Amino acid sequence: MKSNKWQFNIADYQAWVKNALWFTAPVILIYLVSVMSVVTEPGHTMKLADFAVSEMTKTAIVVWILNRAIDFFRRYQSGK
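The sections below set out a description of the structure shown in this document.

Rules and cut-offs
- Residues numbered from 1 in each chain as written.
- Predicted model: local features only at pLDDT ≥ 70, side-chain atom pairs only at ≥ 80, totals over all residues.
- Heavy atoms only, no water.
- Helix = DSSP H or I, 4+ residues; strand = E, 2+ residues; numbered from the N terminus.
- Rg over C-alpha atoms; globule rule 2.2 N^0.38 Å.
- Buried < 20%, exposed > 50% of the residue type's maximum accessible area, 1.4 Å probe, protein only.
- Contact = heavy atoms within 4.5 Å.
- Salt bridge = Lys/Arg side-chain N within 4 Å of Asp/Glu carboxyl O.

1. Focus on the overall build of the chain
Each helix and strand counted, the chain has three helices and zero strands in total. Helices and strands appear in the chain in the N-to-C order α-α-α. Here the C-alpha atoms of the chain give a radius of gyration of 18 Å, more than 25% beyond the 12 Å that 2.2 N^0.38 yields for 80 residues. Summarising its shape, the C-alpha atoms of the chain cover approximately 60 × 20 × 15 Å along the three principal directions.

2. Concerning the side chain of S34
Within the element layout of this structure, S34 appears in helix α2 (residues 25-39). By relative accessible area, S34 is classed as buried at 17%. Every residue in contact with S34, bar those within four places of it in the chain, is listed here: S54 and T57.

3. Side note on the pattern of salt bridges
Applying the stated criterion to the full structure yields four salt bridges. Across the pair K58 and E55 runs a salt bridge, and its minimum N-O distance is 3.4 Å. Highlighted residues: K58 and E55, both in helix α3 (residues 55-77), separated by three residues, approximately one helical turn. R74 is the partner of D71 in a salt bridge, and the nearest nitrogen-oxygen pair spans 2.5 Å. Residue D71 and its partner R74 are both found in helix α3; the two are separated by three residues, about one turn of the helix. Exposure remark for D71: the relative accessible area of 5% places this residue in the buried category. Using a relative accessible area of 43% as the deciding quantity, one classes R74 as partly exposed. Taken together, the salt bridges that share partners define one network made up of R68, D71, R74 and R75.

These figures capture arrangement, not role.
Set out below in structure tokens:
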């Protein structure tokens, strides 16, 4: 499907969503590793606070959001 410049058609949207899902995996892994590093300490007792989002995960989320915005505007301005 051919898209005009400065338009976002269904094919662009589907590709954008597919990329969003692919690039969500590293953010999820960073979160899981941060939780596991807290939970696996010797003598640790489980608390709800163990599942709080770490600073590294927050940074990964911000980078992911910026990446999605850049990808959106790149697809929006390019005519294929």
